[in-house]
Amino acid sequence: MGQIWFGLEIETDTYMEETLDDVVLEVEAVTEPLGWTVVAEQSDNEAELIGLLFKHPDIRAAIINSGALMIVGWSFRDALEDVAFSVG
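The rules behind the values
- Here the residue index of a chain counts from 1 through its sequence in written order.
- Only residues with pLDDT of 70 or above have their local features reported here, since the model is predicted, and side-chain atom pairs are shown and tallied only from 80 upward, although totals for entire chains, interfaces and linings are computed over all residues.
- With hydrogens and water stripped out, all remaining heavy atoms of the structure feed into the side-chain values.
- What counts as a helix is a DSSP run of H or I of at least four residues, what counts as a strand is a run of E of at least two, and both are numbered from the N terminus.
- Here's how the labels work: a residue is buried when its accessible area is under 20% of the maximum for its type, exposed when over 50%, partly exposed in between, all with a 1.4 Å probe on protein chains only.
- Here a residue-residue contact requires only that any non-hydrogen atoms of the pair lie within 4.5 Å.
- Under the convention used here, a 1.4 Å probe and the Shrake-Rupley method define accessible areas, while residue burial counts only the protein chains that appear.
- The rule for a salt bridge is simple: a side-chain nitrogen of Lys or Arg has to be within 4 Å of a carboxyl oxygen of Asp or Glu.
- Among the buried residues, those of types Ala, Val, Leu, Ile, Met, Phe, Trp, Tyr and Cys that are joined through side-chain atoms within 4.5 Å form a nonpolar core.
- The arc in question is the one traced by the directions running from the helix axis out to the C-beta atoms.
- Polar contact is defined as a pair of N or O atoms within 3.5 Å, subject to the rule that within protein one atom must be able to donate a hydrogen and the other to accept it, and that residues adjacent in sequence are counted only when both atoms are side-chain atoms.

1. Let's talk about the overall build of the chain
For step 1, the next point in the chain: A count of helical and extended segments in the chain gives four helices and two strands.
For step 2, the next point in the chain: Mapped in sequence order, the helices and strands of the chain form the string β-β-α-α-α-α.
For step 3, the next point in the chain: By the burial criterion, 24% of the 88 residues in the chain qualify as buried.
For step 4, the next point in the chain: Restricting the contact set of the chain to residue pairs at least 6 apart, pairs at least 24 apart contribute 38%.
For step 5, the next point in the chain: Working note: accessible area of the chain is about 7,200 Å², and carbon and sulfur atoms make up 55% of it.

2. With respect to the pattern of salt bridges
For step 1, the next point in the chain: Considering all chains together, one arrives at one salt bridge under this definition.
For step 2, the next point in the chain: Taking the shortest distance from any N to any O, the salt bridge between K55 and E41 comes out at 3.5 Å. Note that K55 is positioned in helix α2 (residues 46-55) and E41 in the loop between α1 (20-31) and α2, a separation of 14 residues in sequence.
For step 3, the next point in the chain: Judged by relative accessible area, K55 falls into the exposed class, the value being 52%.

3. Some details on the nonpolar core
For step 1, the next point in the chain: Counting residues in hydrophobic clusters, the biggest one holds eight residues: L49, I50, L52, L53, F76, A79, L80 and V83.
For step 2, the next point in the chain: Among the secondary structure elements, those contributing two or more residues to this core are α2 and α4 (74-82).
For step 3, the next point in the chain: If you tally residues by element for this core, the top one is α2, at four residues.

4. Some words on α2
For step 1, the next point in the chain: Within the sequence span of α2, burial applies to E46, L49, I50, L52 and L53. Each buried residue of α2 sits inside an arc of 155 degrees when the element is viewed along its axis, so together they form one side. Turned more than 90 degrees away from the buried face of α2 sit A47 and K55, all of them exposed.
For step 2, the next point in the chain: Residue N45 occupies the N-cap position of α2, its side-chain oxygen lying 2.8 Å from the main-chain nitrogen of A47.

5. Structural notes on the side chain of H56
For step 1, the next point in the chain: Structurally, H56 is set in the loop between α2 and α3 (69-72).
For step 2, the next point in the chain: Looking at H56, its side chain comes within polar contact range of the side chain of E41, at 3.0 Å.
For step 3, the next point in the chain: The contact partners of H56, leaving out residues within four places of it in the chain, are V39 and E41.

See below:
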């Protein structure tokens with residue numbers, strides 16, 4: 001059985017079971033010794049995701065789960081290419 005979010009069952013065989021908070025805790029364990037601060041942002045709106053990239057111009061790295069945007073997310077892909085950090 002999957003998780004229930006907003007009345008929808010999440011297919012945990014396909015999608016991860018971890019929440020954003022779980023991921024943040026894991027990332028903070030790595031970044032804290034480096035003196036980095038983790039800012040967690042989440043949206044299912046491509047325009048908002050692009051805005052978030054430019055809202056934080058001093059970011060050093062980003063973890064992005066673009067999910068379904070891979071099919072139609074060309075503007076998001078272009079925005080990633082424009083940010084100051086390395087995209088790989």
